[in-house]
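Summary of structural features
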Amino acid sequence: MAALVALGAAPVAKIFATMEEGPIPAGINPGEAWLESHGRSLGHFVAGTWLKPPGRMSLECQEAATGRTVAVVPAGDSSDLAAAVAAAAAAAEAWAGLGGPERGQRLTRLATTLDSDRRGTMGALLALAGGRPLCQTLGADLDLGLRLLQVPAGGAQLGLPGLEGWTPLGVVAVVLAGPCSLSALLWKLGPLLAMGNTALVLSSPAAAPPLLLLGELSGEGAVLPPGVLNVLAGPPGLCQALRAHPEVTSVTFLGAAQEELQALVWGSPCRGPRLGGPRGGRVVVIVLDSADLDSAAAAIAATAATPPALFPWGGCVVLAQDAVAVALEQRLRARLGALRVGDPLDPKTEVGPLPPGTPPPEGVVQEAHEEGAQVFQVPLPPLPEGGHRFYPPTLISGAALTSCCLREPAPGPLLVLLPVRSPNEAVAVASALPQTVAAAVWAQDITVALDTADRLPQGLVWLNALDLLDPSGGCAGGAMDTDLDEALREFGCPPWEQPPEVDEPLSPLVTADDPGDPDLAQAVAAARGAAPGWGRLAGACRARVLRGAAAALWGGHGTPKDGGSGDTDGSLRRALLRWAARVERGGGAVQEVPGGRVLVTRRPLGVVGVAWGWPRPLPLELLPPALALGNCVVVAAPPGGAGPVQRLRKALVAAGLPGGALMVLPGNSRGSGSRLARQRPDGLWLCGTDAVPLLLLLAAPAPGSCCFFTFNPVSSTFRAHVNNLTPWLLLDYPVAMPSNLEPDSGCSDLWGVHFGAVALQRMLGVAGKDLAPLLRTFLAQLHFVAECHIQDPQGCVRLEMVNVSQLLETLVQNLGVLQGRPSHFPGCAHLRCQPGPALTSLAVRHEGTLGARQGPPSPAGHGLVLLGGVGGALGLAAAAWMLWRRPCAQPSQAPPTSEQDGT
């Protein structure tokens with residue numbers, strides 16, 4: 001000890017008392033050194049080399065922490081984009097022709113190159129440009145990024161089952177339109193390249209340096225052939241120049257808010273490239289009364305300081321059970337106060353600046369404070385010169401459900417703490433929060449934790465953890481992208497999207513009237529009624545139904561007596577038996593991932609609509625996958641094709657299928673798909689000529705759009721349902737209703753029904769077993785208002801608490817008025833308010849909440865991820881049942897496309 005003191009080192013006792021880190025060796029920042037090696041003047045990376053057009057205006061690449069200019073890049077324009085598209089198109093055929101094993105080896109080499117001596121350079125550039133702390137960019141972020149390259153590479157080498165016959169799309173553009181980490185980009189880039197596509201990455205100048213380094217690494221030693229990976233930096237409007245290049249077959253947006261995509265897409269979805277929606281949002285954490293509060297507070301504070309790499313913006317909402325809410329708040333304040341805010345290039349820093357291009361959450365915090373919420377903020381330490389992009393760690397508690405801080409995701413180290421009474425209420429609130437991409441449940445009672453996680457709508461749910469991300473176990477974005485299979489399918493073309501061969505049989509030329517909206521509405525309602533029961537059945541029970549139908553179609557006991565089954569070659573029977581075996585063996589799976597274990601479970605999509613308009617028979621063998629996985633199906637059958645589908649339905653019902661699980665309506669090849677889409681099923685598969693009106697219908701409603709019904713949607717029995725419901729309610733129960741809507745004889749009654757449905761939907765989340773069925777029945781009477789997509793774009797609605805008795809009286813009046821007027825509501829999609837202060841209602845999903853299941857307590861589970869979704873269980877044919885899947889290609893037209901929402 002005396003020797004250490006003589007040398008000037010701190011005593012060992014002091015080291016253990018303070019636990020301070022040792023001094024950082026002096027030296028040149030490797031990121032700055034790489035920029036200096038290029039003279040701080042970068043270019044575009046196209047066709048395996050640097051492209052620096054002469055005389056071009058330069059754009060500044062600024063440091064995230066201080067705004068200091070660290071490099072410049074040429075402003076990309078349409079000529080640069082044309083060169084990049086040409087290079088990618090020229091390399092596409094050769095890259096796809098290499099085969100999966102060779103592509104996998106090259107991607108593995110790229111990951112190895114990134115993990116070599118360039119690791120420090122990449123980590124430093126990510127901290128410099130993105131503002132994430134160096135301890136994250138050099139550690140967990142890069143480790144995840146490497147896995148996001150290595151796992152798709154392994155899948156390409158081995159060949160994943162279920163992807164036989166899939167072909168690459170061609171040239172795929174990835175547009176970084178907002179905050180986006182390298183890991184989020186590689187989650188798309190790895191599967192994209194593994195499937196045999198070539199990539200064109202369009203980036204803002206702020207995010208360009210690390211991406212250009214990645215492009216340079218891909219060209220070193222011919223790791224990737226020239227033209228396979230191209231990186232362009234330019235202004236935000238550069239992506240619109242893609243419309244002039246039909247070679248681009250798919251465009252994926254990263255980092256952009258959903259409402260901003262309308263300004264980025266163009267033309268008809270069927271005449272442009274396939275469009276992939278944005279990824280990102282916030283995390284919701286549920287802390288139950290059995291949780292380890294210390295570990296929960298530590299993980300939540302760390303997530304607020306540095307969000308997960310795949311979701312780098314959006315903040316975090318914490319729902320704590322009443323019994324532990326106060327204790328958790330105290331621990332969170334202590335943890336937030338201990339966070340170190342500062343220069344992201346300092347390895348000691350835990351909180352860096354806000355991501356580039358994101359506004360500070362000051363307005364959200366101020367509004368929450370004015371609404372009566374308590375705001376706790378940690379004072380900022382001295383910051384580097386120009387450090388105006390830093391925001392103090394903040395905790396908001398006591399906010400109302402309608403507060404802006406719950407409605408709008410906010411970037412930065414911001415936590416919102418909300419008390420809940422029970423796991424049921426926590427699930428209801430978490431389901432209503434907009435733009436949540438993942439969830440976490442903290443509890444030592446593993447039975448309650450698993451039950452709570454199973455009822456959450458998010459595709460990725462952590463148990464007693466907040467940082468387990470791995471492509472082999474799931475890297476979700478909402479309820480999608482749950483596994484590697486789905487990531488690969490997003491960038492592949494299945495065999496059934498190929499044009500039919502000339503010698504394939506065509507359907508007979510039979511004309512039929514489209515099913516009307518009332519018929520389709522009744523069919524979808526019947527399917528929704530059957531969906532919970534059919535989806536909750538065990539896989540073995542659903543397999544028994546499929547095997548019984550296969551036996552009936554084969555000619556055994558119970559064969560339909562009204563003609564042939566349409567299964568002349570036995571393909572339908574084989575499909576029924578194959579999917580019976582798959583669903584019986586499917587179940588869940590436990591996988592080991594770095595840092596914990598992953599439980600992958602299968603969740604049905606819900607109600608799937610099928611509209612077939614191709615001039616060939618509907619292949620019935622494509623229906624068993626959807627039914628086997630617990631979905632209910634509504635089929636608008638092609639002309640002359642309803643008979644075989646009806647015979648299949650009769651065989652399935654005789655074997656035990658609920659009557660509403662498969663609904664068949666005859667239709668024609670023109671408008672049945674669009675009419676079916678109006679009923680908003682949970683998934684839709686369209687093959688036919690009404691792709692354009694359907695996809696335009698699926699797009700977000702334009703401002704000022706109206707809602708129109710060809711029939712009066714108000715039931716004549718709504719008063720009887722209200723009378724049945726009233727005795728079960730506490731008539732002084734408070735509910736939130738708008739108080740400042742503009743009095744409008746054309747829209748006010750429709751708006752009243754909308755807010756009444758929202759209030760009753762919230763009550764459903766906490767209703768008992770006797771009240772819940774009555775609420776669901778009455779909500780089904782109000783479901784039509786969801787067709788109007790009523791929104792509050794200005795955030796002007798002010799809510800006040802009223803008794804539920806007043807709500808029911810108002811609903812009866814509103815429905816009575818609507819019942820006696822034409823079912824046309826022009827200009828009612830957007831709410832209009834009287835002048836005054838604004839407070840907007842919380843968006844609520846129109847879906848029920850299952851009751852909690854009880855069970856004996858079990859030991860705590862730590863570090864477990866629960867993944868829910870249709871994704872992993874789907875094979876080749878079942879991929880058609882993804883959420884809003886794109887339509888099949890037509891032989892005489894350009895390949896139609898739609899938004900890609902994997903599940």
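Residues numbered from 1 in each chain as written. Predicted model: local features only at pLDDT ≥ 70, side-chain atom pairs only at ≥ 80, totals over all residues. Heavy atoms only, no water.

1. Section: the overall build of the chain
To keep things clear, this is the line we draw: Comment: elements are numbered from the N terminus, with helices defined as DSSP H or I runs of at least four residues and strands as E runs of at least two. The classification of residues rests on relative accessible area computed with a 1.4 Å probe and restricted to protein chains. Under 20% of the type maximum is buried, over 50% is exposed, and intermediate values are partly exposed. Whether two residues touch is decided by their heavy atoms; if any such pair falls within 4.5 Å, the residues are in contact.
Broken down by element type, the chain carries 28 helices and 30 strands. Within the chain, the fraction of its 903 residues that count as buried is 56%. In the chain, once contacts between residues fewer than 6 apart in sequence are set aside, the share between residues at least 24 apart is 80%.

2. Points about the packing of aromatic side chains
Stated formally: Geometry of aromatic contacts follows a simple scheme: Phe, Tyr and Trp rings, the Trp one being its six-membered ring, pair when their centres are within 6.5 Å, and the pair is stacked under 30 degrees between planes, edge-to-face over 60, tilted otherwise. Placement of a charge over a ring requires the Lys NZ or Arg CZ to be within 6 Å of the ring centre, with the centre-to-atom vector within 35 degrees of the ring normal.
All chains considered together, the criterion is met by 1 aromatic pair. Ring centres 5.7 Å apart and planes at 85 degrees place the aromatic pair Phe45 and Trp50 in the edge-to-face group. A relative accessible area of 23% places Trp50 in the partly exposed class. Its guanidinium or amino end placed over the ring of Trp579, Arg582 lies 4.7 Å from that ring's centre, counting from NZ or CZ.

3. Brief notes about unusual backbone geometry
Although it is not a glycine, Arg40 adopts a positive phi angle of roughly 55 degrees. With respect to the helices and strands, Arg40 occurs in the loop between helix 3 (30-37) and strand 1 (44-46). A positive phi is found at Ala47, a non-glycine position, where the angle reads about 55 degrees. Its location among the elements puts Ala47 in the loop between strand 1 and strand 2 (49-51). Using a relative accessible area of 35% as the deciding quantity, one classes Ala47 as partly exposed.

4. Notes on helix 10 (residues 208-219)
Threshold: Here the expected span of a helix is defined as 1.5 Å times the quantity of residues minus one.
A rise of 1.5 Å per residue sets the reference length of helix 10, with its 12 residues, at 16 Å; its end C-alpha atoms lie 17 Å apart and thus fit the reference within 8%. Within helix 10, 11 of the 12 residues are buried, leaving the element largely enclosed by the surrounding structure. Residues Ala208, Pro209, Pro210, Leu211, Leu212, Leu213, Leu214, Gly215, Glu216, Leu217 and Ser218 constitute the buried set of helix 10. The positive-phi residue at the C-terminal boundary of helix 10 is Gly221, with phi of around 65 degrees.

5. Details of the packing of helix 3 against helix 6 (residues 119-130)
Threshold: To obtain an axis, a line is fitted to C-alpha atoms, over the contacting stretch when the element is a helix, and the angle between two such axes runs from 0 to 180 degrees between their N-to-C directions. To sort the angles, those under 35 degrees are grouped as roughly parallel, those over 145 as roughly antiparallel, those from 65 to 115 as roughly perpendicular, and the leftovers as oblique. Polar here means any residue other than Ala, Val, Leu, Ile, Met, Phe, Trp, Tyr, Cys and Pro, which are nonpolar, and Asp, Glu, Lys and Arg, which are charged; Gly is therefore polar.
Direction vectors running N to C along helix 3 and helix 6 enclose 95 degrees, while the axes themselves pass 7 Å from each other. If you check the angle between helix 3 and helix 6, you find them roughly perpendicular. Contacts from Pro30, Gly31, Glu32, Trp34 and Leu35 of helix 3 reach helix 6 at Gly120, Thr121, Ala124, Leu125 and Leu128. A class-by-class count of the residues in the contact of helix 3 with helix 6 yields 6 nonpolar, 3 polar and 1 charged.

6. Looking at the pattern of salt bridges
The criterion, for reference: A side-chain nitrogen of Lys or Arg and a carboxyl oxygen of Asp or Glu constitute a salt bridge if their distance falls within 4 Å.
Following the criterion strictly, the structure yields 20 salt bridges and no others. Taking the shortest distance from any N to any O, the salt bridge between Asp143 and Arg119 comes out at 2.6 Å. One end of the pair, Asp143, is in helix 8 (residues 140-158); the other, Arg119, is in helix 6, and 24 residues separate them in sequence. Overall, Asp143 belongs to the partly exposed group, its relative accessible area being 38%. Look at Arg119 and you get buried, because its relative accessible area is 17%. Within this structure, Glu32, Glu36, Arg40, Glu63 and Arg68 form a network of salt bridges that share partners.

7. Things to note about the nonpolar core
For clarity, the threshold we go by: In this text, buried Ala, Val, Leu, Ile, Met, Phe, Trp, Tyr and Cys residues form a nonpolar core when linked through side-chain atoms within 4.5 Å.
One finds Val285, Val287 and Trp462 to be the most contacted residues of the largest nonpolar core, which totals 109 residues. Sort the elements by how many residues they give to this core and helix 9 (residues 182-194) lands first, with 9 residues. What Val285 contacts, discounting residues up to four positions off in sequence, is Ile300, Cys316, Val317, Val318, Leu319, Ala440, Trp442 and Leu466. Membership of the second largest hydrophobic core comes to 48 residues, among which are Ala527, Ala549, Val645 and Val664.

8. Let's talk about the environment of Leu468
Here Leu468 lies in the loop between strand 17 (460-463) and helix 17 (484-489). Remark: the alpha-carbon pair of Leu468 and Leu144, spanning 324 residues in sequence, is separated by 9.7 Å.

9. So, the confidence of the model for the chain
Selection criterion: Scored from 0 to 100, pLDDT reflects the predictor's confidence in each residue.
Looking at the chain as a whole, the pLDDT averages 76, with 74% of positions reaching at least 70. Confidence over residues 556-565 falls short of pLDDT 50; this stretch has 16 contacts with residues more than four positions distant or in other chains.

10. Quick word on the environment of Leu415
Mapped onto the elements of the fold, Leu415 is located in strand 15 (residues 414-420). For Leu415 and Leu336, which are 79 residues apart along the polypeptide, the C-alpha to C-alpha distance reads 9.7 Å. With residues near it in sequence (within four places) discarded, Leu415 still touches Ile300, Ala304, Cys316, Val318, Leu332, Leu336, Thr394, Leu395 and Ile396.

11. With respect to the side chain of Gln321
Checked against the element boundaries, Gln321 lands in strand 12 (residues 316-321). Residue Gln321 is classed as buried on the basis of its relative accessible area of 10%.

12. Points about the environment of Asp117
Selection rule: Throughout this description, a polar contact denotes any pair of N or O atoms lying within 3.5 Å of each other; where both atoms belong to protein, one of them has to be capable of donating a hydrogen while the other can accept it, and for residues adjacent in sequence the pair is counted only when both atoms sit in side chains.
You can see Asp117 is positioned in the loop between helix 5 (100-114) and helix 6. A polar atom in the side chain of Asp117 sits 3.1 Å from the side chain of Ser116.

13. Considering the pairing of strand 16 (residues 436-442)
The condition that has to hold: Strands pair, by our definition, only if DSSP identifies at least two bridges between them. Handedness is read with the strands pointing away from the viewer; a crossover is right-handed when the path from the first strand over the helix to the second is clockwise.
Here strand 16 lies mainly inside the structure; 7 of its 7 residues are buried. Relative to strand 16, strand 11 (residues 282-287) runs parallel, the two being bridged by 6 bridges. Each bridged residue has a counterpart across the sheet, and for Val287 the counterpart in strand 16 is Trp442. Where strand 16 and strand 17 come together, 3 bridges link them in parallel fashion. Note that in strand 17 the partner of Ala440 across the bridge is Trp462. With helix 16 (residues 446-454) bridging strand 16 and its parallel neighbour strand 17, the resulting β-α-β unit is right-handed.

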